[in-house]
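# Observations on the model geometry
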Amino acid sequence: LAGNVITRERAVNFIAASVDGLLVCMGNGSMCITQEVWVVDRQQATAACAVAEFVRKLGIPVIADGGIGNVEHIVKAPALGVSITTMGRLLASTAKAPVSIFTMTGSVLKHERYG
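Residues numbered from 1 in each chain as written. Predicted model: local features only at pLDDT ≥ 70, side-chain atom pairs only at ≥ 80, totals over all residues. Heavy atoms only, no water.

## Structural notes on the nonpolar core
Grouped together as the largest cluster of nonpolar side chains are 17 residues, with contacts concentrated most on Val5, Phe14, Leu22, Val24, Val51 and Val62. Looking at this core, the elements that each hand over two or more residues are β1 (2-5), α1 (8-16), β2 (22-25), α3 (44-55) and β3 (62-65). Counting residues per element, this core draws most heavily on α3, which supplies 5 residues. Setting aside residues no more than four positions away along its own chain, Val51 makes contact with Val5, Ile6, Thr7, Arg8, Ala11, Leu22, Val24 and Val62. (Core = buried A, V, L, I, M, F, W, Y, C linked by side-chain atoms within 4.5 Å. Buried < 20%, exposed > 50% of the residue type's maximum accessible area, 1.4 Å probe, protein only. Helix = DSSP H or I, 4+ residues; strand = E, 2+ residues; numbered from the N terminus. Contact = heavy atoms within 4.5 Å.)

## Re the confidence of the model for the protein
Looking at the protein, the pLDDT average stands at 78 and 79% of residues meet or exceed 70. Within the protein, the lowest mean pLDDT, 51, falls on helix α2 (residues 34-38), and the highest, 93, falls on α1. Residue range residues 38-42 is modelled with pLDDT below 50. Its contacts to residues more than four positions away, or to other chains, number 10 contacts. (pLDDT = per-residue confidence, 0-100.)

## Quick word on the sheet that holds strand β4 (residues 84-85)
The 4 strands are arranged β1-β2-β3-β4 in an open sheet whose pairing can be described as parallel. Of all strands in the sheet, those bounded by a partner on one side alone are β1 and β4. Alignment of β3 against β4, held across 2 bridges, turns out to be parallel. Residue pairing in the sheet places Ala64 in a bridge with Thr85 of β4. Packed on one face of the sheet, α1 meets β1 and β2 and runs near 170° to β1. (Pairing = 2+ DSSP bridges. Axes fitted to C-alpha atoms, helices over the stretch in contact; angles between N-to-C directions.)

## What to know about the pairing of β3
Judged from the 4 bridges that link them, β2 and β3 form a sheet pairing that is parallel. Counterpart to Cys25 in the pairing with β3 is Asp65.

## As for the pattern of salt bridges
In this structure the tally under the stated criterion is 2 salt bridges. With a closest N to O distance of 2.6 Å, Arg8 and Glu53 form a salt bridge. Highlighted residues: Arg8 in helix α1 and Glu53 in helix α3, separated in sequence by 45 residues. Overall, Arg8 belongs to the partly exposed group, its relative accessible area being 34%. For the salt bridge of Lys76 with Glu72, the shortest nitrogen-to-oxygen distance reads 2.7 Å. Pair noted here: Lys76 and Glu72 are both in helix α4 (residues 71-76), with a separation of 4 residues, about one helical turn. What makes Glu72 partly exposed here is its relative accessible area of 44%. (Salt bridge = Lys/Arg side-chain N within 4 Å of Asp/Glu carboxyl O.)

If you want it as structure tokens, here you go:
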């Protein structure tokens with residue numbers, strides 16, 4: 001599995017390295033800064049669709065990561081050619097997520113763990 005892929009051109013490099021899957025991420029997740037670092041103004045759906053269409057003939061799965069905010073996004077992903085999505089935000093927002101909760105300026109927040 002390799003990523004972050006946001007363009008067909010980037011996918012070519014990973015395909016040449018014989019990857020088994022591609023991770024498409026545009027920095028929409030709470031911890032991801034891909035969009036700021038790469039200075040691209042593309043939406044997650046556009047990037048996922050373009051990469052998935054490009055690698056479809058090769059049988060390489062595409063995983064959409066970042067910006068999955070509700071179940072509706074997961075249902076739409078296959079229409080874009082995406083094989084699977086991550087669900088970090090959805091799972092992290094549940095009461096069962098293994099992180100501590102704290103209050104700041106009247107808002108209930110969760111500590112985020114890095115790495």
